Amino acid sequence: MFFKLRFHLFIVFLISFLGYGCGISLRVYRPFPQEIAFDYVKKMDHIEIFVKDENRMKMGVYDGYFANPEGLPNEYGPLSYLIRKELSIRGNRFPLLLDRGGKIFIDEYQLVSLDRCSKNLSFVRMKARIQILGASEETFSFYDEIDSRVTNCYLTGSILTVVPLIWYVPYNGYRGNREDQLNQLGRNSLTEFFRKLELVSGFNQNSQVEPIPEPSPVKPKTTPTKQEPVDPKLKEIMDSL
């Protein structure tokens, strides 16, 4: 009797622990193929960066259905820091902004994983305004989402019975867990935003000078070792010319 009670308590604790979706970490940054090391983020007083309602400890939100929504801090820093970092280490991609100065207003940034038992909706929404000194204001709007069945209800059902577990584990690997979804959506939003900022700042990657390939050496024509006899009539015509 005591063993059954302990076993039931263990099952309830395990389901509750998994159901609350513990351990989700945000790792949002801009993926870049040739990342370079940097010492510090430069101070740029001529560039104003403002993120509306920014909370350093709440860049994303996870709603696990069984519990209240949980704020998730980004391990790489808040959004305003990520923007300043990008301008510091890749300033050559934002020539007009760094030369003239300007303002970047992030009017809205939502990175949310919304669990509703039968489905999970992870989405990112970003709206921004870019104002470079001497140029007109540019707007940026981005939305992306992942709609999946990666939910706490399906996870709990897979633990209780074996058949759903056979389906859930491959599906979870295909769609990615909620941490993967949030991080991917966050990186997508930053990638598109910085591409827009590069375009507004006058950076054109296609206009960069590419090395001109060296011309291949031309082989001299070989003269025939044996000449054919010239027709006498043709020789007379050529001499008359």
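Residues numbered from 1 in each chain as written. Predicted model: local features only at pLDDT ≥ 70, side-chain atom pairs only at ≥ 80, totals over all residues. Heavy atoms only, no water.

Chemist: Quick question: what am I supposed to make of the overall build of the chain here?
Modeler: Scanning the chain from N- to C-terminus turns up 7 helices and 6 strands. Mapped from its N terminus to its C terminus, the chain presents α and β elements in the order α-β-β-β-α-α-β-β-β-α-α-α-α. Here the chain holds 241 residues, and 35% of them are scored as buried. Partitioning the contacts of the chain with sequence separation of at least 6, the portion at a separation of at least 24 is 71%. Within the structure as shown, the chain displays about 16400 Å² of accessible surface, and the carbon and sulfur contribution to it stands at 57%. (Helix = DSSP H or I, 4+ residues; strand = E, 2+ residues; numbered from the N terminus. Buried < 20%, exposed > 50% of the residue type's maximum accessible area, 1.4 Å probe, protein only. Contact = heavy atoms within 4.5 Å. Areas by Shrake-Rupley, 256 points an atom, 1.4 Å probe, with all protein chains shown as cover.)

Chemist: I would appreciate a short explanation of the packing of aromatic side chains in the present structure.
Modeler: The geometry of two aromatic rings is summed up by the distance between their centres and the angle between their planes. Taken as a whole, this structure holds 6 aromatic pairs when the rule is applied. When the ring of Phe50 is compared with that of Phe105, the centres are 6.4 Å apart and the planes differ by 65°; the resulting orientation is edge-to-face. Of this pair, Phe50 sits in strand S1 (residues 47-51) while Phe105 is found in strand S4 (residues 102-115), placing the two residues 55 residues apart along the sequence. Residue class for Phe105 comes out buried when judged on its relative accessible area of 17%. (Phe/Tyr/Trp six-rings, centres within 6.5 Å; stacked < 30°, edge-to-face > 60°.)

Chemist: Just to check I follow, could you spell out the side chain of Arg178 for this structure?
Modeler: As for its position among the elements, Arg178 is in helix H6 (residues 178-200). With sequence-adjacent residues up to four places away left out, Arg178 is seen in contact with Ile24, Tyr62, Ser113, Asp115, Asn120, Val150, Thr151, Asn152 and Leu155.

Chemist: Is there a simple way to explain the pairing of strand S2 (residues 60-63) in this structure?
Modeler: Each regular strand carries side chains that alternate between the two faces of the sheet. With 3 bridges joining them, S2 and strand S3 (residues 70-72) adopt antiparallel strand pairing. Its bridge partner lying in S3, Val61 is registered against Gly71. Connecting the antiparallel pair S2 and S3 is a turn made up of 6 residues, with Tyr65 showing a positive phi of about 75°. (Pairing = 2+ DSSP bridges.)

Chemist: Explanation requested: helix H2 (residues 79-89) in the structure shown.
Modeler: Note that an α-helix has 3.6 residues per turn; residues three or four places apart therefore point the same way. Of all 11 residues in H2, 9 are buried, a share of seventy percent or more. Buried positions along H2 lie against S1, helix H3 (95-100), S4, strand S5 (120-132) and H6.

Chemist: How should I be thinking about the confidence of the model for the chain in this particular structure?
Modeler: A low pLDDT means the predicted coordinates there should not be read in detail. Confidence in the prediction for the chain averages 80 pLDDT; 67% of positions are at 70 or higher. Segment residues 1-22 is flagged for pLDDT under 50; beyond a separation of four residues in sequence, or across chains, it makes 15 contacts in the model. In this model, residues 208-213 is a region of pLDDT below 50 whose contacts with residues beyond four sequence positions or in other chains number 1 contact. (pLDDT = per-residue confidence, 0-100.)

Chemist: Would you take a moment to explain the pattern of salt bridges for this structure?
Modeler: Side-chain pairs of opposite charge can arise where the charged atoms are in close proximity. A complete count under the given rule lists 13 salt bridges for this structure. Two residues, Glu86 and Arg90, come together in a salt bridge whose shortest N-O distance is 2.7 Å. Across the pair, exposure class does not vary: Glu86 and Arg90 are buried alike. Across the salt bridge formed by Glu108 and Lys127, the nearest N and O atoms sit 4.0 Å from each other. Taken together, the positions of Glu108 in strand S4 and Lys127 in strand S5 put the pair 19 residues apart, joining distant regions of the chain. Exposure remark for Glu108: the relative accessible area of 22% places this residue in the partly exposed category. Connected via shared salt-bridge partners are Arg30, Glu86, Arg90, Arg93 and Glu198. (Salt bridge = Lys/Arg side-chain N within 4 Å of Asp/Glu carboxyl O.)

Chemist: Sorry, what's going on with the nonpolar core here?
Modeler: Within soluble globular proteins, side chains that are nonpolar generally end up buried alongside one another. Of all hydrophobic cores here, the largest spans 35 residues; its most connected members are Leu79, Ile83, Leu87, Ile106, Tyr109, Phe193 and Leu197. Every element with two or more residues in this core is listed here: S1, H2, S4, S5, strand S6 (138-148) and H6. At 7 residues, H6 tops the list of elements feeding residues into this core. The contact partners of Ile106, leaving out residues within four places of it in the chain, are Phe50, Val51, Lys52, Leu79, Ile83, Met126, Lys127, Ala128 and Phe193. (Core = buried A, V, L, I, M, F, W, Y, C linked by side-chain atoms within 4.5 Å.)

Chemist: Honestly, H6 in this entry has me stumped. Any pointers?
Modeler: Over its 23 residues, H6 extends 33 Å from the first C-alpha to the last, a length consistent with the 33 Å expected when each residue adds 1.5 Å. For H6, the capping residue at the N-terminal end is Asn177, with a side-chain oxygen 3.1 Å from the backbone nitrogen of Glu179. Note on H6: the residue one or two positions beyond its end, Gly202, has a positive phi of about 85°. (Expected span 1.5 Å × (residues − 1). Polar contact = N/O pair within 3.5 Å; in protein donor to acceptor, adjacent residues only side chain to side chain.)

Chemist: What's the story with the environment of Ser189 in this structure? I'm lost.
Modeler: Following the sequence through the fold, Ser189 ends up in helix H6. Owing to a relative accessible area of 0%, Ser189 belongs among the buried residues under this scheme. It is 7.9 Å that separates the C-alpha atoms of Ser189 and Arg125, two residues lying 64 residues apart in sequence. In this structure, Ser189 is in contact with Tyr109, Val124, Met126, Phe140 and Phe142, ignoring residues within four places of it in sequence. A polar atom in the side chain of Ser189 sits 3.1 Å from the side chain of Tyr109.

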